[in-house]
Amino acid sequence: MGKGLCSRILLVCLLAAPACAASWTADSYMAEVLRVSHDVRKASEDADIARGRYVSDLAAFWLPAVTVGAAATPYSAYNSPRLRYRSADVTAGVTATLNLYNNFKDRLALDSSRAYSRAGGYRLWQERQRAALDALAVYYGVLRKRRLLEVVRNSLASYEAQYDKVQRYYQEGLKSYSDVLKSELNLRSVQLSEASAAETYRNSVMDFNLSLYLDPGAGTDLADVVSGSTEPVSGEGDVSYALAHRPELLVYRLELDRARYSARRALIDRFPDLSADAYYDRRGIGSLGRPAAGTVNPNYYLMLSLSLPLGPGTFSERQASFEADTALARARRALADAELEVRRELLSARLALETAIKRYEVSTLKAGIARQNLAIVNERYGEGRAGILDLGAAQDDLLQAQSEQANSLYDMLLARAGYDKAAGRQLWK
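Residues numbered from 1 in each chain as written. Predicted model: local features only at pLDDT ≥ 70, side-chain atom pairs only at ≥ 80, totals over all residues. Heavy atoms only, no water.

(A) How the structure looks around the overall build of the chain. The number of helices and strands found in the chain is nine helices and six strands. Radius of gyration (C-alpha) of the chain: 38 Å, far over the 22 Å computed for a compact globule of 429 residues. With the C-alpha coordinates of the chain rotated into their principal frame, the extents come out at 130 × 65 × 35 Å. Within the chain, buried positions represent 35% of all 429 residues. Taking the contacts inside the chain whose residues are at least 6 apart along the sequence as the reference set, 83% of them involve residues at least 24 apart. As displayed, the chain has an accessible area near 25500 Å², and 57% of this comes from carbon and sulfur atoms. (Helix = DSSP H or I, 4+ residues; strand = E, 2+ residues; numbered from the N terminus. Rg over C-alpha atoms; globule rule 2.2 N^0.38 Å. Buried < 20%, exposed > 50% of the residue type's maximum accessible area, 1.4 Å probe, protein only. Contact = heavy atoms within 4.5 Å. Areas by Shrake-Rupley, 256 points an atom, 1.4 Å probe, with all protein chains shown as cover.)

(B) Seen up close, the packing of aromatic side chains. Taken as a whole and assessed by the stated rule, the structure comprises 13 aromatic pairs. With a centroid separation of 6.3 Å and 80° between ring planes, the pair formed by Trp24 and Tyr29 is classed as edge-to-face. This pair shows no difference in class: Trp24 is buried, exactly as Tyr29 is. Arranged with centres 5.0 Å apart and planes meeting at 85°, the rings of Phe61 and Trp62 form a pair that is edge-to-face. Residue classification places Phe61 among the partly exposed residues on the basis of a relative accessible area of 22%. (Phe/Tyr/Trp six-rings, centres within 6.5 Å; stacked < 30°, edge-to-face > 60°.)

(C) Quick look at the nonpolar core. If you look at the biggest cluster of nonpolar residues, it comprises 74 residues, and the most contacted ones within it are Tyr29, Tyr139, Tyr140 and Phe208. Residue assignment for this core shows that the elements contributing at least two residues are α2 (26–36), α3 (38–62), α4 (105–171), α5 (177–211), α6 (238–245), α8 (312–382) and α9 (388–422). With 18 residues, the single largest contributor to this core is α4. Look past the residues within four positions of Tyr29 in its chain and what remains in contact with it is Trp24, Ala135, Val138, Tyr139, Phe208, Ser211 and Leu212. (Core = buried A, V, L, I, M, F, W, Y, C linked by side-chain atoms within 4.5 Å.)

(D) Structural detail: the side chain of Asn102. One can find Asn102 in the loop between β3 (91–101) and α4. A polar contact of 3.2 Å, which involves the side chain of Asn102, links it to the side chain of Asp106. When sequence neighbours within four positions are dropped, the list of residues in contact with Asn102 reads Asp273, Leu274 and Ser275. (Polar contact = N/O pair within 3.5 Å; in protein donor to acceptor, adjacent residues only side chain to side chain.)

(E) Structural detail: the pattern of salt bridges. Summed over all chains, the structure comprises 26 salt bridges. With its nearest N and O atoms 2.8 Å apart, the salt bridge here joins Arg114 to Asp111. One end of the pair, Arg114, and the other, Asp111, are both in helix α4, three residues apart, so they sit about a helical turn from each other. Taking the shortest distance from any N to any O, the salt bridge between Asp411 and Arg144 comes out at 3.0 Å. Taken together, the positions of Asp411 in helix α9 and Arg144 in helix α4 put the pair 267 residues apart, joining distant regions of the chain. Each member of the salt-bridge network shares a partner with another, and the members are Asp39, Glu127, Arg130 and Asp134. (Salt bridge = Lys/Arg side-chain N within 4 Å of Asp/Glu carboxyl O.)

Quick look at the structure:
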């Protein structure tokens, strides 16, 4: 009984795909895009690689290098007989070495590795932010095309009703045949617009499905956004917040730190190299490889060394230091340029949002005015006080005004999301 019910439900879904289409909201769609995006996944893999590299460098910095080994020569020209195995011939032991000090070179390398690991995390956040904004553009794009299609279809119903009315007036002798032709011409034009809008909407749905790596022909059910906030942004504190939280700037600052570490390392290489190393060696593992009696076992020591390379190496180290200082200066300039670009981007995003809000408010007023004007002209046309050209112009004005209102709504929503991105605020939940 249960299997039969499931089969019937599956059959209904296959026969009526739109009724069983996946339902999405803007937040759920963004979450799914971030989950399946190949670019986000690649950035996540790069972040994991950088994090693993830092863990490896951290272990190499703090832990000694330990080698446990055993060796034997069961076959040799020196053996008698040549093929033999005796436990006394086995050499085995444990060796450990640890660098305690080398002019802070390892410390600088570890700091550079940590900065690289953190930069990987910020790059991942940046890629998620970019993917989230692109996802919103795709989501609102589908809603935009669907709303425009609805506007055209509603307008088409109005044109059809008007065409029927003009035909009736003509049959009653109240209007001329020219009015019938003009009304039919307007109707056919809107029918073409409806076909074009339907094609554009279907293409946007396919783009939506492809962004999730789904079948392009699959059905979708997107929750609409009927209105948006027209509250302007104050911008107070947003510049400081963006400079402190934009992932691009955080990456630039970490790259500057790495350039600074490299410059210090290159400078240290020009001075005498002081090194302190600990060494431990124990021969024998259990009964294997025991050393001869009287041999020092285990053997351990602390070695201090001071060296100063002379000759061609002196010039190469000087050149390396010069190149590292140059890279450091470039990193500072790159950070300064990036901070200026973030300031400009934030100001530009604010202007774009203010313009989008104004356009939405004006288009909403225009749609209301066009609707009232069409009602007045329609009434005057029925009374014979307006011509068919006046009626067609009023209908076209309403169609254009409603289309502008639909476009301006989603432009405003995207402009607000773009401003939040420019300010460094997280777009996804």
